[in-house]
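# Analysis of the macromolecular model
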Amino acid sequence: QVQLVESGGGLVQAGGSLRLSCAASGSIFRIVAMAWYRQAPGNQRQLVAAITSGGSTAYAESVKGRFTISRDNAKNTVYLQMNSLKPEDTAVYYCNVQRTGVDYWGRGTQVTVSS
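Attention in this report is confined to the structure presented alongside it.

Cut-off values and rules
Residues numbered from 1 in each chain as written. Predicted model: local features only at pLDDT ≥ 70, side-chain atom pairs only at ≥ 80, totals over all residues. Heavy atoms only, no water. Disulfide = S-S within 2.5 Å. Helix = DSSP H or I, 4+ residues; strand = E, 2+ residues; numbered from the N terminus. Pairing = 2+ DSSP bridges. Phe/Tyr/Trp six-rings, centres within 6.5 Å; stacked < 30°, edge-to-face > 60°. Lys NZ or Arg CZ within 6 Å of the ring centre and 35° of its normal. Salt bridge = Lys/Arg side-chain N within 4 Å of Asp/Glu carboxyl O. Buried < 20%, exposed > 50% of the residue type's maximum accessible area, 1.4 Å probe, protein only. Axes fitted to C-alpha atoms, helices over the stretch in contact; angles between N-to-C directions.

Below, the discussion takes up the state of the cysteines. Here the structure, examined in full by the defined rule, presents one disulfide. Across the disulfide, C22 is cross-linked to C95 (sulfur-sulfur distance 2.0 Å). Sign of the S-S torsion, about -85° for the bond between C22 and C95, identifies this disulfide as left-handed. Here C95 lies in strand β9 (residues 91-99) and C22 lies in strand β3 (residues 18-26), a separation of 73 residues in the sequence.

Take a look at the structure:
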């Protein structure tokens, strides 16, 4: 299996920044992509940003220009730099790792943005 350890969540005022980290360990072979999702109360979990093994990235329209996803293959770690945070960004953020036929999820880290 793959174990994912997330860190970096917290409370920040609107306009501030946070940097989330997700370190993967275990059976890390054949990873196709890593991603960040978020889920606010009463809403479905939605994709925030993703990065493939080849380095291609994708972002939700609501975070383009503010968030940046990156990776360190040597450390098996994916990052999400979040700038210009808005109250609408408040959610539990989950790290996701995709392998052939299997998805792995972190336990989530809370991000709260105050007005």
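The discussion continues.
The two faces of the sheet receive side chains in turn, since in a regular strand these alternate between them. As paired elements, strand β4 (residues 31-39) and β9 share eight bridges and run antiparallel to each other. Across the sheet, the residue bridging to I31 is R99, located in β9. Hairpin geometry of β4 and strand β5 (residues 46-52) is characterised by an intervening segment of six residues between the two adjacent antiparallel strands and by a positive phi of about 80° at G42.

What follows concerns the packing of aromatic side chains. Here the structure, examined in full by the defined rule, presents one aromatic pair. When the ring centre of Y94 is taken as origin, the NZ or CZ atom of R45, which lies over that ring, is 3.7 Å away. Lying over the aromatic face of W105, R45 brings its terminal NZ or CZ to 4.7 Å of the ring centre.

Here the focus is the pattern of salt bridges. In this structure the tally under the stated criterion is three salt bridges. Among the salt bridges present, the one from E61 reaches K64, with a minimum N-O distance of 3.1 Å. K64 gets classed as partly exposed once you look at its relative accessible area, which sits at 48%. Here D89 makes a salt bridge to R66, at a shortest N to O gap of 2.8 Å. Within this pair, whereas D89 is found in the loop between β8 (77-82) and β9, its partner R66 is found in the loop between β6 (57-59) and β7 (67-72), the two being separated by 23 residues in sequence. Just as D89 is buried, R66 falls in that class too. In this structure, a network of salt bridges that share partners links the residues R38, R66 and D89.

It is worth spelling out the pairing of β5 at this point. As defined by bridge partners, β4 adjoins β5 across six bridges and the pair is classed as antiparallel. The partner of M34 across the bridge, within β5, is I51. Where β5 meets β6, three bridges bridge the pair, whose relative direction is antiparallel. The residue bridging A49 from the neighbouring strand is Y59, located in β6. Linking β5 back to β6 in an antiparallel pair, the connection comprises four residues, with G55 at a positive phi of about 100°.

On to the sheet that holds β8, then. Spatially, the four strands line up as an open sheet ordered β1-β3-β8-β7, and their pairing is antiparallel. This sheet does not close on itself; its edge strands, each paired only once, are β1 (2-7) and β7. Direction aside, the axes of adjacent strands within the sheet are offset by 15° on average. Here β7 pairs with β8 via six bridges, running antiparallel. In the sheet register, S70 faces β8, and the bridge partner there is Y79.

Everything listed is a geometric property; what it means functionally is a separate question.
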